[in-house]
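# Examination of the molecular architecture
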Amino acid sequence: TTGTIFDDIIVTDSVEEAEAFAKETFFAKKDGEKEMYDKHIAEQQKNDESAMSDYDYNGMGEYGDLGDLSDLDMDGMGEEL
């Protein structure tokens, strides 16, 4: 179930009872839950890739390459770097 942190809890001192409970609950659902999770992640990645398709990866946008910045006064003290 979406948003469930804990599901199918049993308190027992019987290993056999716990194993039977696990077969009926956890192991019966885990493959289906894994498929749903994988589908969710694939959809999320698809959406992320779509959202990033217009992103400017070089960070320069319309300004292009700034070139050599070594002669800029970066600290305001009038010295070249």
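This is a predicted model, so every value here is computed, not measured. (Residues numbered from 1 in each chain as written. Predicted model: local features only at pLDDT ≥ 70, side-chain atom pairs only at ≥ 80, totals over all residues. Heavy atoms only, no water.)

## Some remarks on the overall build of the chain
Helix and strand content of the chain: 2 helices and 0 strands. The buried share of the chain, reckoned over its 81 residues, is 1%. In the form shown here, the chain has an accessible surface area of approximately 7700 Å², with 54% of it arising from carbon and sulfur atoms. (Helix = DSSP H or I, 4+ residues; strand = E, 2+ residues; numbered from the N terminus. Buried < 20%, exposed > 50% of the residue type's maximum accessible area, 1.4 Å probe, protein only. Areas by Shrake-Rupley, 256 points an atom, 1.4 Å probe, with all protein chains shown as cover.)

## Regarding the packing of helix 1 (residues 15-24) against helix 2 (residues 26-52)
Running from N to C, helix 1 and helix 2 point in directions that differ by 30 degrees, and their axes come no closer than 3 Å. Viewed along their axes, helix 1 and helix 2 adopt a mutual orientation that is roughly parallel. Seen from helix 1, the contacting residues are F21, A22, K23 and E24; seen from helix 2, they are F26, F27 and A28. Split by residue class, the contact of helix 1 with helix 2 holds 5 nonpolar, no polar and 2 charged. (Axes fitted to C-alpha atoms, helices over the stretch in contact; angles between N-to-C directions. Parallel < 35°, antiparallel > 145°, perpendicular 65-115°, else oblique. Contact = heavy atoms within 4.5 Å. Nonpolar A, V, L, I, M, F, W, Y, C, P; charged D, E, K, R; others polar.)

## Looking at a nonpolar patch on the surface
On the surface, a nonpolar cluster with roughly 570 Å² of combined accessible area is contributed by I5, F6, I9 and V11. Looking at the element boundaries, I5 is found in the segment before helix 1. (Patch = residues over 30% accessible without salt bridge, like charges linked within 9 Å, V, L, I, M, F, W, Y side chains within 5 Å. Salt bridge = Lys/Arg side-chain N within 4 Å of Asp/Glu carboxyl O.)

## A word on the packing of aromatic side chains
Going through the model one piece at a time under the given rule, you end up with 1 aromatic pair. Seen from their ring centres, F26 and F27 are 4.9 Å apart, and the 75 degrees between their planes marks the pair as edge-to-face. The class for F26 is partly exposed, based on a relative accessible area of 47%. (Phe/Tyr/Trp six-rings, centres within 6.5 Å; stacked < 30°, edge-to-face > 60°.)

## Describing the environment of A28
Relative to the helices and strands, A28 resides in helix 2. Exposure remark for A28: the relative accessible area of 55% places this residue in the exposed category.

## Concerning the pattern of salt bridges
Under the criterion given, the structure shown has 2 salt bridges. Residue K29 is joined to D8 by a salt bridge in which the shortest nitrogen-to-oxygen separation is 2.5 Å. Placement of K29 in helix 2 and of D8 in the segment before helix 1 is noted, with a sequence separation of 21 residues between them. On the basis of relative accessibility, which here comes to 30%, the residue K29 falls in the partly exposed class. With a shortest N-O distance of 2.9 Å, K34 and D38 are connected by a salt bridge. With K34 and D38 both in helix 2 and 4 residues apart, the pair spans about one turn of that helix.

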